[in-house]
Amino acid sequence: MSSLESEATLFGASGLADLLGDPDRAPLIPDGDFGVGTVGYGVFAALCGVAAKWRRFEQADTAVVDGIGVLSWVNWKAALAGAMGKDIHRQGEKAEWPIVECADGHVALVYTERDWQPLVDLVSDDRLRAPKFDTFRGRRQHREEYMGALREWAFGHTKAELVDLFAEYQVPAAPVMTAKDLLVDPLLAHRSAFVKTTLDDDTDCRSPVLPHRIPASTGKNAIDAKTSHASRLPLSGFRVLDLGIITAGAGVSALLADLGAEVLKIESHGYPDPFRAWAGEEVSPFFKGNNRNKLGVALDLKSGQDRVQFETLVKTADVVVENFRRGVLERLGYSYGTLTSLNPDIILASVSGAGLTGPGARNSSFGSTLEASSGFSAKVCYENEGLPYITGRNVNYPDQAVVLYASAVIAAALSGKARGMHIDVSQRDVTVFLSGEELEVLSAGKQLVRRRNGMAYRTADDQWIVFDESGAPLCNELSLSDRIAQMTATDCIEMLTARGVAACVAWSGSDMYRANIEAGNDVFATRHHVLTCPSSRAWIIVVAVVTPTETEPKLRRAGNARL
């Protein structure tokens, strides 16, 4: 691999490029600065951890962060699958969550098992009501039979119409938004997501602000009395109650556990984390990876006795992390006001698709929905073609990016003097923030020149090489692609790097995982109960099972297969 890095090598060496595009064509590199921006979030998380350790223990520490390591961490699902011998690759047109044309653009049709029936009711086409389409397995086996009906329906609606329809039927799908769409988006306007700035040529433009908000605070200053904890990890001694589900919320609390916090994952027998059974699997290994280092307890927050036990935990906790659909926590009777009445110093971290309030904030969404609505998917397409792509279940890019950002904000809040606040982190805002340069150019009224970060070329030994084409040496006698087709991957990389061009092989998940293990990198770790899981590069911890007090519910490892 080259010692140089670029957007192309970040996505290629991390295995992410292998998941974008069509399986019969080259892997794709997104335009823009998504990779570099995500590395920035990784640096932010590392610095907040270092700062927390210094503030609490007066111990200086060093965080080692490299770009490919961060993007490999983002691609942890592919690494876990590869470690189990179940490599996942890009599916393109065959993906269960497809992108299809609508009247004025494209729409990403995103749904889980429970969302299929509402989608059928919305489309109202009898062809979709066949029982064979009711399961993940059935839809995979008969994909082309139902996709025709979905394509016909979507093509008859505009993006604006689809936004309203998806909200009405609570289907977590979304139109593919361009940068121009984002600048006039009513929800982003409601959240004051842009601030007026001035470019170097004195042109006024709009730049995205930080993706989190603090809508409420008790205004208290807390004294941290837990700084004598023996392990001296940045967040050791803090207790986190994890109400997070699937990837985003649960992933944030997992990274807090990596930083040393004691994390208690709370589920109920009636509604366990849907990630336990995901995409047709009875027991998903992804659940274990995303709930590493946690203790688990089954509590029904609608039950009287279980509510008493939960409230006892709130009084002993420092943070509550949740990513329910908007309004669910309030309906359970645990608004920020209620939680602070139990514990004035509590930090409530709400990780949501699009924020707490505003037009469409309560709409159902998943990571790939947000790829479409944040401008990410619009930047993932083949040259001179308009069809966008999403990462789908295999990555859900905004879910992974928000884990880095939200955990950093929480770590900063825990190590500061102010305590007792509600932190609102929007996954969509986190992803929109990564397109800041493009939004500035467009809002200043300037022409946006498309900057391709690189394409992949197949080599003589059947590998895909990715690099930044703008810096590549062209050949007089042959086109660049023809010359690469006659070279091995090793020779090609040597040729390009000798000329200062960052290049690498577009690895699969198993290739990426194996390379990190062989290099001794700390991107992934093996745990009891968990084959492979993502870890922080700077801090790795296994939280021991603690003995609960008599007033607390019985705790056990959260990574167990059964609830």
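Because the structure is a prediction, the values reported are computed rather than measured.

About the thresholds
Residues numbered from 1 in each chain as written. Predicted model: local features only at pLDDT ≥ 70, side-chain atom pairs only at ≥ 80, totals over all residues. Heavy atoms only, no water. Phe/Tyr/Trp six-rings, centres within 6.5 Å; stacked < 30°, edge-to-face > 60°. Helix = DSSP H or I, 4+ residues; strand = E, 2+ residues; numbered from the N terminus. Buried < 20%, exposed > 50% of the residue type's maximum accessible area, 1.4 Å probe, protein only. Pairing = 2+ DSSP bridges. Axes fitted to C-alpha atoms, helices over the stretch in contact; angles between N-to-C directions. Parallel < 35°, antiparallel > 145°, perpendicular 65-115°, else oblique. Left-handed = near helix turned anticlockwise from the far one by under 90°. Contact = heavy atoms within 4.5 Å. Nonpolar A, V, L, I, M, F, W, Y, C, P; charged D, E, K, R; others polar.

> Mind showing me how you'd approach the packing of aromatic side chains here?
Applying the stated criterion to the full structure yields 17 aromatic pairs. A centroid spacing of 5.4 Å and a plane angle of 75° characterise the contact between Trp 116 and Tyr 146, whose relative ring orientation is edge-to-face. Linking Trp 116 in helix H5 (residues 113-123) with Tyr 146 in helix H7 (residues 143-155), this pair joins segments that are 30 residues apart in sequence. You'll find Trp 116 and Tyr 146 in the same group, each marked buried. Look at Tyr 457 and Phe 467: their rings are 5.5 Å apart centre to centre, the planes differ by 20°, and that puts the pair in the stacked class. With Tyr 457 in strand S13 (residues 455-458) and Phe 467 in strand S14 (residues 464-467), this pair connects stretches of sequence that are ten residues apart.

> Is there a simple way to think about the sheet that holds strand S1 (residues 99-102) in this case?
The three strands lie next to each other as S1-S2-S3, forming an open sheet whose pairing is antiparallel. A strand with exactly one partner marks an edge of an open sheet, and here the two such strands are S1 and strand S3 (174-175). With four bridges connecting them, S1 and strand S2 (residues 105-108) associate as antiparallel partners. Across the sheet, Cys 102 pairs through a bridge with Gly 105, a residue of S2.

> What is the right way to look at the packing of H5 against H7 in this model?
The packing of two helices is summarised by the inter-axis angle and the distance between the axes. Two numbers describe how H5 lies on H7: the axes approach to 11 Å, and their chain directions differ by 55°. Considering the angle they form, H5 stands oblique to H7. Between H5 and H7 the crossing geometry is left-handed. When H5 is examined against H7, the residues Trp 116, Leu 119, Leu 122 and Val 123 are found in contact with a partner set consisting of Tyr 146, Leu 150 and Trp 153. Its residues assigned to classes, the contact of H5 with H7 shows seven nonpolar, no polar and no charged.

All quantities given are derived from atomic positions and should not be read as evidence of function.
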